[in-house]
Amino acid sequence: MNRTASILALILALAALFAVSAHAGDVATLKVVVKDNRGLPIQDAVVTVFPAKAAAPPTSFLWPSAMGQKDLSFVPGTLIVPKGTRVAFPNFDRVRHSIYSFSDAAKFEISLYGRDQTRSQGFPIAGNVALGCNIHDQMRGYIKVVDTPYAAKTDREGRVVLDGLPTGAVEVRIWHPAAMASKNEADHDTVLGAGLNSRAVVLPLRR
Ligand SMILES: [Cu+2]
């Protein structure tokens, strides 16, 4: 390799390195651990993140947009879907169910339907939907209809990790059906730096 070619190769290598680091500098990962006021982890809290510069709404998430009924329970119990999604309600039980919601984000009632049948319902408005069954009073399910691509629910350790966020100011909202907050949702403003950001949040619950 002659001298000019070596210098050119060095410049190209530096340019590539700069491009990688500049790109990494724009991306944040947010880890949130949600605990109640007794210090116990909260499972199935929904964490949504809203950057100052609004992100394009999501079209889908990695999990299916379905809320089954199995052993007289809604499964998965808490479901996150993008605004505008049609959610399937497959019935895996031997008995019939009749699902309803009185919530502002979606008022509907699905008449009785039986085993191995399914019904679906559209959710065009972002918000919180509480599901019930006309036959089984104890059945409770929740659908969180979101208009941000940054959304996930906490695991058994109360933990959630959201990747691919922009750096800078964001609003973090944490929702749980028993949260003692307006509309069961607490808001936290924070600023994300490049790479991993960890936040611990206390969300008091009604017990
Ligand atoms: Cu039922």
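See the structure printed just above.
Residues numbered from 1 in each chain as written. Predicted model: local features only at pLDDT ≥ 70, side-chain atom pairs only at ≥ 80, totals over all residues. Heavy atoms only, no water.

### Thoughts on the overall build of the protein
Reasoning step 1: Tallying secondary structure elements over the protein gives one helix and 16 strands in all.
Reasoning step 2: When each of the 207 residues of the protein is scored for burial, the buried share is 40%.
Reasoning step 3: Look at the contacts in the protein between residues 6 or more apart in sequence, and 64% of them connect residues 24 or more apart.
Reasoning step 4: Of the roughly 11,600 Å² that the protein leaves accessible, carbon and sulfur atoms contribute 57%. (Helix = DSSP H or I, 4+ residues; strand = E, 2+ residues; numbered from the N terminus. Buried < 20%, exposed > 50% of the residue type's maximum accessible area, 1.4 Å probe, protein only. Contact = heavy atoms within 4.5 Å. Areas by Shrake-Rupley, 256 points an atom, 1.4 Å probe, with all protein chains shown as cover.)

### Remarks on the nonpolar core
Reasoning step 1: The biggest cluster of nonpolar side chains holds 23 residues, and the ones touching the most others in it are Val32, Val47, Val49, Leu165, Ile174 and Leu203.
Reasoning step 2: Secondary-structure elements contributing two or more residues to this core are β1 (27-35), β2 (46-51), β13 (159-166), β14 (168-175) and β15 (185-192).
Reasoning step 3: Residues contacting Val47, with those up to four places away along its chain left out, are Val32, Val34, Tyr150, Ala151, Ala152, Thr154, Val160, Leu162, Val172, Arg173 and Ile174.
Reasoning step 4: Residues Phe74, Leu79, Ile99 and Leu131 belong to the second largest nonpolar core, which totals 19 residues. (Core = buried A, V, L, I, M, F, W, Y, C linked by side-chain atoms within 4.5 Å.)

### Brief notes about the pairing of β2
Reasoning step 1: With respect to burial, β2 is a largely interior element, six of its six residues being buried.
Reasoning step 2: What you see with β2 is no split at all: Val46, Thr48 and Phe50 on one side and Val47, Val49 and Pro51 on the other are buried throughout.
Reasoning step 3: Both β2 and strand β12 (residues 151-153) contribute to a ladder of three bridges, which runs antiparallel. Bridge pairing in β12 links Val46 to Lys153.
Reasoning step 4: Bridging between β2 and β14 involves six bridges; their strand directions are antiparallel. Among the inter-strand pairings, Thr48 is bridged to a residue of β14, identified as Arg173. (Pairing = 2+ DSSP bridges.)

### Re the environment of Gly114
Reasoning step 1: Among the structural elements, Gly114 can be located in the loop between β8 (106-109) and β9 (120-123).
Reasoning step 2: Considering only alpha carbons, one finds Gly114 and Pro90, 24 residues apart in sequence, at a separation of 9.2 Å.
Reasoning step 3: Excluding residues that lie within four positions of it along the chain, Gly114 makes contacts with Asn91 and Arg96.

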